[in-house]
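# Inside the fold
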Amino acid sequence: MQTHPMRILFFTFLLALSACQKAAQQDAAPTFSDDIAPIVFSNCVPCHRTGGPGPFPLTTYNAVSNRARQIAEVTASHYMPPWQPTAGYGSFIGERRLTEHQIALIQQWAQHNAPAGDLTQLPSLPQFTQGWQLGTPDLAVEMDEPYILPAEGTDQFRNFVLPVPIDSARYIEAVEFRTDRANVIHHAVLMFDRSGAARKHDAREAGPGFDGMVFGEAQGPDGHFLGWTPGKQPYRDPSLAWQLAPGTDLVVQLHMLPSGRPENVSVRVGFYYAEGPPERTPALLRLGRKDIDIPAGENHYTLRDEFTLPVDVHVAGIYPHAHYLGKQMAVYADLPDGHREWLIRIDEWDFNWQDDYRYAQPVYLPRGAKIVMKYVYDNSAENPFNPHDPPQRIFYGLHSSNEMGDMTLQVVPRNNADLKTLQQHYARKWITQEIQGYETMLLEAPNHAEHHHTLAMLYLRVRQISRARTHFEACLNLRPDYAEARVNYAIALSAAGQTDKVIEQLRQAVAHRPDYADAHFNLAMALYQTGEPEAAKVHFTSAVRLRPERAEAIRSHMERLQLH
């Protein structure tokens, strides 16, 4: 049977038309409604919304289209969304990484002048809880008055002391940090103080809080690092709850960057109670080097550290840290069977987007695994983040213009016996690192009294009494009124049996700080031991008055010494 020529031509035309339609569909530009809104609403709006930490909202077509080229540029460079870990080297909760396909769609959309599509078919905006993201906290504390951050100047580290009003111990499964000045807060660290030292330090400085990066006796909960960065979402974890005791002060350290105008900075912190204690207690392992000394112009300064696990652990989270010269980071574990387990890799470190990361599933590391960290630094003029122009020699230090190289892991051993073993092995490494760091900082600032004092305390802890005394004396030559240093120096002198010098140092501590309870207590003990019970009783009584929460223990001690 023959087919009519016209019919053949007709079918050929239909096939060609269909092919053209498909080609046109493939070449059609992505639209906001179909392609871009799902990406932006899911990955950008959590920060870029009214009341969010982003500097402007991206919740409407007009808002996004007006910034189409900017969005295309920052997503192509991976500057946004802010997510530093390299794909394939660890899986983390809350990843904010775009796929290459999503980045390409944004590029095409911007190149085609940001077509809207059918705006009646937009996906729904994500819903966010107004106020506390985890719901109303069981307990909330906040600053009594805002701190006024000056308009100009260098970055500031300031500590704010917030009493925690509880009558009995509570277990905490979540903490939420809130501020309406996320634009000037680079990051926050939350610590706890039961000694009252932070509160007294606060009272000695004008205005809310006190300056510096030294917390004194404040520290984080056992095995926990509590921090906040803009955009960070709070989470609950009852399996790793920790205890908050009555009589505790929360110390919030803020790293703030002036914005060009005065800013009223205030913070609130919410606590969420757990039903009871956790099944297991975590530990923090910090690797790093504190003997950092980077020559000016060096563009590939490397830092390496390692630690071999004495017990099995599960790694719950990781916090890598460096400053502006940081370039690349690699952290992995070499297992006993020869396998390598990657914990994190960052190919383009950016100090402005530092964060701590929690694993989607805890990473198991067996006993004998060697954890290794390798960091690379760039102190050349080609580093756009270098704070010094021209580049300068940079040492380890606590300020952003110095440099650091730390990596903290939160690990969970199988049981309390393993936890104790781990802590004992790690303690030797930790104190060696600390001594290294303060010796390095004194190379740059040899007349820093606080550094001498801290180093003296570290040497005292490892029983290097002669070195401890050298740094106590250097500290007190620089700051004769440093009462805490005099009390600690007295402890070092006591170990050497120099009782007369012990009493001399303690008397000077009391003279400089009449409200220093520990100085009175130690002086009382020294006087009693040298046969002056009545003088000792006077100082015991002063210690009771100044530290009423320790009154019962001090009175019991006086009774044992028969000082009625």
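Counting of residues starts from 1 at the beginning of each chain's written sequence and follows it residue by residue. Note on the predicted model: pLDDT of at least 70 is required for a residue's local features to be given, and 80 or more for side-chain atom pairs to be given and counted; whole-chain, interface and lining totals, by contrast, use all residues. The basis for every side-chain value is the complete set of heavy atoms in the structure, and neither hydrogens nor water enter the calculation.

### Section: the overall build of the protein chain
Every helix listed is a DSSP run of H or I at least four residues long, and every strand listed is a run of E at least two residues long, numbered separately from the N terminus. In terms of regular secondary structure, the protein chain is built from 14 helices and 21 strands. C-alpha atoms of the protein chain, sized along the principal axes, occupy 130 × 50 × 45 Å. Here the term buried applies to any residue with accessible area under 20% of the maximum for its type, exposed to any over 50%, and partly exposed to those in between, with areas from a 1.4 Å probe on protein chains only. Out of the 564 residues in the protein chain, the part that is buried amounts to 48%. Considering only intrachain contacts with a sequence separation of at least 6, the fraction spanning at least 24 residues in the protein chain is 77%. Calculation of accessible area relied on Shrake-Rupley with a 1.4 Å probe; when residues are assessed, cover is drawn exclusively from the protein chains displayed. For the protein chain, the exposed surface amounts to about 28500 Å²; the carbon and sulfur share of it is 50%. Charged residues are defined here as Lys and Arg on the positive side and Asp and Glu on the negative side; His and the ends of the chain fall outside this count. Note on charges: their place is set at NZ of Lys, CZ of Arg, CG of Asp or CD of Glu. Both charge centroids of the protein chain, one from 51 positive and one from 64 negative side chains, sit 4 Å from each other. Any two residues whose heavy atoms approach within 4.5 Å are treated as being in contact.

### Overview of the side chain of Thr 229
Mapped onto the elements, Thr 229 comes out in the loop between strand E7 (227–228) and strand E8 (242–244). Residue class for Thr 229 comes out buried when judged on its relative accessible area of 9%. Any pair of N or O atoms that falls within 3.5 Å is considered a polar contact. Within protein, one atom must be able to donate a hydrogen and the other to accept it, and sequence-neighbouring residues count only if both atoms are side-chain atoms. At a separation of 3.3 Å, a polar atom in the side chain of Thr 229 contacts the side chain of Asp 355. In this structure Thr 229 touches His 186, His 187, Gln 354 and Asp 355, once residues within four positions along its chain are discounted.

### Describing the pairing of strand E17 (residues 340–346)
As paired elements, strand E16 (residues 326–334) and E17 share six bridges and run antiparallel to each other. In the sheet register, Asp 334 faces E17, and the bridge partner there is Arg 340. Should DSSP find at least two bridges between two strands, the strands are regarded as paired. Between E16 and E17, which pair antiparallel one after the other, the connecting turn spans five residues, and Gly 338 there sits at a positive phi close to 95°.

### Looking at the pattern of salt bridges
The working definition used for a salt bridge is a side-chain nitrogen of Lys or Arg within 4 Å of a carboxyl oxygen of Asp or Glu. One pass over the structure, following the stated rule, counts 25 salt bridges. For Arg 304, the salt bridge goes to Glu 306, with nearest N and O atoms at 2.5 Å. Overall, Arg 304 belongs to the partly exposed group, its relative accessible area being 38%. We classify Glu 306 as partly exposed; its relative accessible area is 32%. Between Asp 418 and Arg 414 there is a salt bridge, and its shortest N-O distance comes to 3.1 Å. Overlapping salt bridges, with partners in common, bring together Asp 180, Arg 181, Arg 261 and Glu 263 in one network.

### Things to note about the sheet that holds strand E21 (residues 405–413)
Read from one edge to the other, the open sheet built from four strands follows the order E12-E21-E15-E18, with strand pairing classed as antiparallel. At either margin of the open sheet sits one strand with a lone partner, and together these are strand E12 (283–288) and strand E18 (357–365). Strand-to-strand, the axes of this sheet are offset by a mean angle of 30°, without reference to chain direction. In this analysis an axis means a line fitted to C-alpha atoms, helices contributing only their contacting stretch, and an angle means the value between N-to-C directions, from 0 to 180 degrees. Contacts from helix H7 (residues 416–444) reach E12, strand E15 (313–322) and E21, with the element oriented near 30° to E12.

### Considerations on the packing of helix H12 (residues 517–529) against helix H13 (residues 533–546)
Packing of H12 against H13 leaves a shortest axis separation of 8 Å and a crossing angle of 160°. Accordingly, the angle class assigned to the pair H12 and H13 is roughly antiparallel. Viewed along their axes, H12 and H13 form a crossing whose handedness is left-handed. Contacts between H12 and H13 involve Ala 517, His 520, Phe 521, Leu 523, Ala 524, Met 525, Leu 527 and Tyr 528 on the former and, on the latter, Pro 533, Ala 535, Ala 536, His 539, Phe 540, Ser 542, Ala 543 and Leu 546. Residues are grouped as follows: Ala, Val, Leu, Ile, Met, Phe, Trp, Tyr, Cys and Pro are nonpolar; Asp, Glu, Lys and Arg are charged; every other residue, Gly included, is polar. Looking at the contact of H12 with H13 residue by residue, the class counts come to 13 nonpolar, three polar and no charged. These descriptions rest on fixed angle ranges, namely under 35 degrees for roughly parallel, over 145 for roughly antiparallel, 65 to 115 for roughly perpendicular, and the rest for oblique. The crossing is said to be left-handed when, going from far helix to near helix, the turn is anticlockwise and less than a right angle, and right-handed when the turn is clockwise.

### Observations concerning the packing of aromatic side chains
Ring pairs (aromatic) are described by centroid distance and by the angle formed between their planes. Centres within 6.5 Å make a pair out of two Phe, Tyr or Trp rings, where for Trp the six-membered ring is used; the pair is then stacked when the planes are under 30 degrees apart, edge-to-face when over 60, and tilted otherwise. For the structure shown, the criterion picks out 20 aromatic pairs. Note on Tyr 79 and Trp 353: the rings are 6.5 Å apart at their centroids and 75° apart in plane angle, and the pair reads as edge-to-face. Here Tyr 79 is found in the loop between helix H4 (68–76) and helix H5 (100–111), whereas its partner Trp 353 is found in the loop between E17 and E18, with 274 residues between them in sequence. The exposure class assigned to Tyr 79 is partly exposed, which follows from its relative accessible area of 41%. Its relative accessible area of 23% is what places Trp 353 among the partly exposed residues.

### Regarding unusual backbone geometry
In the segment running from Met 80 into Pro 81, the intervening peptide bond is cis, with an omega of -10°. The residue after Asp 389, namely Pro 390, is reached through a cis peptide bond having omega 5°. Inspection of the secondary structure puts Pro 390 in the loop between strand E19 (370–377) and strand E20 (394–395). Its identity as a non-glycine residue notwithstanding, Asn 113 has a phi of 65°, on the positive side. Topologically, Asn 113 is positioned in the loop between H5 and strand E1 (139–142).

### Notes on the sheet that holds strand E6 (residues 210–211)
Across the sheet, five strands lie side by side as E6-E3-E9-E5-E7; this open sheet has antiparallel pairing. Each edge of the sheet is formed by a strand with only one pairing partner; in this case those strands are E6 and E7. With two bridges connecting them, strand E3 (residues 156–163) and E6 associate as antiparallel partners. What sits directly across from Arg 158, in E6, is Asp 211.

### Here we look at the nonpolar core
Burial of nonpolar side chains together is a common tendency in soluble globular proteins. Side-chain atoms within 4.5 Å link the members of a nonpolar core, which is a set of buried Ala, Val, Leu, Ile, Met, Phe, Trp, Tyr and Cys residues. In terms of nonpolar packing, the biggest core is built from 91 residues, with Ile 318, Leu 365, Ile 371 and Phe 540 touching the most fellow members. In this view, Leu 365 contacts Leu 309, Val 311, Asp 312, Val 313, Val 315, Ala 333, Leu 335, Glu 341 and Ile 371; residues no more than four positions away in its chain are not counted. Core analysis: the second largest hydrophobic core is formed by 30 residues, Leu 139, Val 141, Ala 182 and Trp 228 among them.

### Some words on the packing of helix H2 (residues 32–43) against H5
Two numbers describe a pair of packed helices, the interaxial angle and the distance between the axes. Between H2 and H5, whose axes approach to 10 Å, the crossing angle comes to 125°. In this view, H2 runs oblique relative to H5, as classed from their interaxial angle. The way H2 lies across H5 gives a crossing that is left-handed. Listed contacts from H5 to Phe 32, Asp 35, Ile 36, Ile 39 and Asn 43 of H2 are Gln 102, Leu 105, Ile 106 and Trp 109. Among the residues forming the contact of H2 with H5, the class breakdown is six nonpolar, two polar and one charged.

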